[in-house]
Amino acid sequence: MSNHLFDAIRAAADPQAPFIETTDGRRWSYGDMLDLSARLAGALVTLGVSPGDRVAVQVEKSPEALMLYLACVRAGAVYLPLNTAYTLAELDYFIGDAEPRLVIVAPKSLDGVRAIADKYGARVETLDDAGGGSLLDLAGKASADFADIERGPDDLAAILYTSGTTGRSKGAMLSHDNLLSNAATLRDHWRFSSADRLIHALPIFHTHGLFVASNVTLLSGASMILLSKFDADEALRLMQSASVLMGVPTFYVRLVQHPGLTREATAKMRLFVSGSAPLLAETHRGFSEKTGHAILERYGMTETNMNTSNPYEGDRIAGTVGFALPGVSVRVVDADSGKPVADGETGMIEVKGPNVFKGYWRMPEKTAAEFRADGFFITGDLGKIDERGYVHIVGRGKDLVISGGYNIYPKEVESEIDAMPGVVESAVIGVPHPDFGEGVTAIVVREAGSDIDERAVLDGLQDRLARYKQPKRVIFVEDLPRNTMGKVQKNVLRQTYGDLYAVK
Ligand code: MLC
Ligand code: AMP
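As a starting point, this report considers the structure included with it.

Conventions we followed
- Residues numbered from 1 in each chain as written.
- Chains lettered and ligands numbered in written order.
- Predicted model: local features only at pLDDT ≥ 70, side-chain atom pairs only at ≥ 80, totals over all residues.
- Heavy atoms only, no water.
- Near = heavy atom within 4 Å.
- Polar contact = N/O pair within 3.5 Å; in protein donor to acceptor, adjacent residues only side chain to side chain.
- Areas by Shrake-Rupley, 256 points an atom, 1.4 Å probe, with all protein chains shown as cover.
- Helix = DSSP H or I, 4+ residues; strand = E, 2+ residues; numbered from the N terminus.
- Pairing = 2+ DSSP bridges.
- Axes fitted to C-alpha atoms, helices over the stretch in contact; angles between N-to-C directions.
- Salt bridge = Lys/Arg side-chain N within 4 Å of Asp/Glu carboxyl O.
- Buried < 20%, exposed > 50% of the residue type's maximum accessible area, 1.4 Å probe, protein only.

### Digging into the site of ligand 2
Part 1: Not every one of the 16 residues close to ligand 2 is listed here, only the nearest: Arg 298, Thr 302, Asp 381, Lys 398 and Asn 407.
Part 2: A distance of 3.1 Å is found between a nitrogen atom of ligand 2 and a backbone nitrogen or oxygen belonging to Ser 276.
Part 3: Taking Asp 381, its side chain carries an N or O atom lying 2.6 Å from an oxygen atom of ligand 2.
Part 4: Considering ligand 2 on its own, with 500 Å² of exposed area, one finds that the protein chains cover 91% of that surface.
Part 5: For the shell around ligand 2, the elements supplying multiple residues, two or more each, are β13 (296-301) and β19 (391-396).
Part 6: Examining the composition of the shell around ligand 2, we find that five residues originate from one element, β13, more than from any other.

Encoded structure:
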């Protein structure tokens, strides 16, 4: 039977070749990958997972967690990874919305998650980051021969939640071909081969670490060193035996500040890729001065996978995200009329291609609102295309903060703060931050007589929002600046507090 994505992964897998190595010395060959993903797929079926069922997963990064993703693909299930930073309050929404058949969690979260899963009729099993947990016990008893479930190009492989500008998060539905076509394109574009060894330091619950890093490695038959999280010392050490690093700009900011970043330290590396947030031109320059390597910046989204990339051969220009990838159409239009703007003018970036998702889970109206009649997806990013054809991202039409590569929708944070006793209203903005790119910052108006302070606001958010969404600073003001229409002028606030995190 054919399974669109996994057939391609299997075709690239030489059972003898190395696939994953962990920093504590555990090793997995491609043969081990085929074996464990089959056993896990068998365990999923035993647990009642049928094709199309969602399997929600909130576990620490590990080789087994990656095998679980592959097992879902093989079993025809829809993989639904969740950020390990999400609180129980956040999980309640995702599990209620996606209605997974099965939820896999770290043993430490079992009790809290079970209460939520019971409410929505989902079963819960565990997986830890040291090769244990009830799911692996079941997999140990399953056969290493698993007949992959038939899946076509348009069948769903995954749902990844992305925060909504208004209201709640939306589940982006990604098909087998969305993932396969994009990974194959990137493999070819970035000249990946089985000789490559990737330093994998990204989380595996978002597009970048899960699909870009892992699928490209898999489709090349390459290998990866799996780090539980990014650490500049460790990354520099591993550069002696690796060939590629993929990271968010914060990785590169931290590397440029590291005294160990030199030409010699990076001499064995072939490629450094950056994405998920804007890479400052000064970081690009600093990196190239110290190492001689030009970081290759690319641009993507959860909904679209990767859209553009600087060239592998040719100029990788700082401050640009390069050209549309082969097979992907990118255009810049007037946001209101939808008509293309002249070259060099700024407008809304729109994309179309096999990489673009199938729509938002159970939200047909929101899906329809974000596509043009001719099938282009409206990204919400503002950009321009220069005379050489390079795409520049110059801003965001959506009210979004990106901190260390994670997206935070101000509305979600504002709603939590506004609900606190003693608060009249709040505005959440992103302010330049030397490490995270943007720092989440809350500007709050308190009620007359209220003594609510920064600590109280932060404490109140503790169990409500993932840590990375919580403001780095809370500032109190008498009134928020408004325009004549009564809309809060966030641009004024961003200007006023622009150097809040500046290094003095
Ligand atoms: C951690 N913290 C963050 C944060 N990460 N705060 C804001 N933004 C972040 N991104 C919090 C921690 O909880 C901690 O809180 C404090 O900040 C300092 O933590 P740290 O030890 O310095 O952080 P670290 O663990 O090193 O993590 C930073 C990071 C990590 C940048 C390495 O956030 C990361 O790996 N980001 C990658 C995100 C990613 O994969 N994005 C891709 C999305 S897909 P305290 O107060 O408890 O100490 C996408 C599409 C595309 O966007 O195009 O790719
Ligand atoms: P996400 O919803 O987490 O997938 O984040 C996608 C968003 O990240 C995009 O819409 C962009 O705003 C931003 N993004 C991704 N890559 C880049 C990049 N190279 N430069 C600037 N912004 C980027």
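### Notes on the sheet that holds strand β16 (residues 329-333)
Part 1: Read across the open sheet, the four strands follow the order β16-β17-β18-β19; overall the sheet is antiparallel. Across the chains shown, the open sheet's two edge strands, defined by having one partner strand only, are β16 and β19. Each adjacent strand pair in this sheet contributes to an overall mean axis angle of 50°, direction not counted.
Part 2: Two strands pair when backbone bridges link them, and strand β17 (residues 347-352) and strand β18 (residues 377-385) are joined in this way by four bridges, in the antiparallel orientation. Paired with Met 348 across the two strands is Leu 382, which belongs to β18.

### Description of the pattern of salt bridges
Part 1: Under the counting rule described, the total for this entry stands at 33 salt bridges.
Part 2: The closest approach of N and O atoms between Glu 125 and Arg 123, which form a salt bridge, is 3.0 Å.

### Observations concerning unusual backbone geometry
What you tend to see is this: most non-glycine residues have negative phi, and most peptide bonds are trans.
Part 1: Phi angles above zero are rare outside glycine, and Arg 191 is one such case at about 55°.
Part 2: Assignment of secondary structure puts Arg 191 in the loop between α7 (176-189) and β9 (197-200).
Part 3: Notably, Asn 305 is not glycine yet its phi reads approximately 55°, a positive angle.
Part 4: Of note, Asn 305 is situated in strand β14 (residues 305-309).
Part 5: Judged by relative accessible area, which is 2%, Asn 305 ranks as buried.

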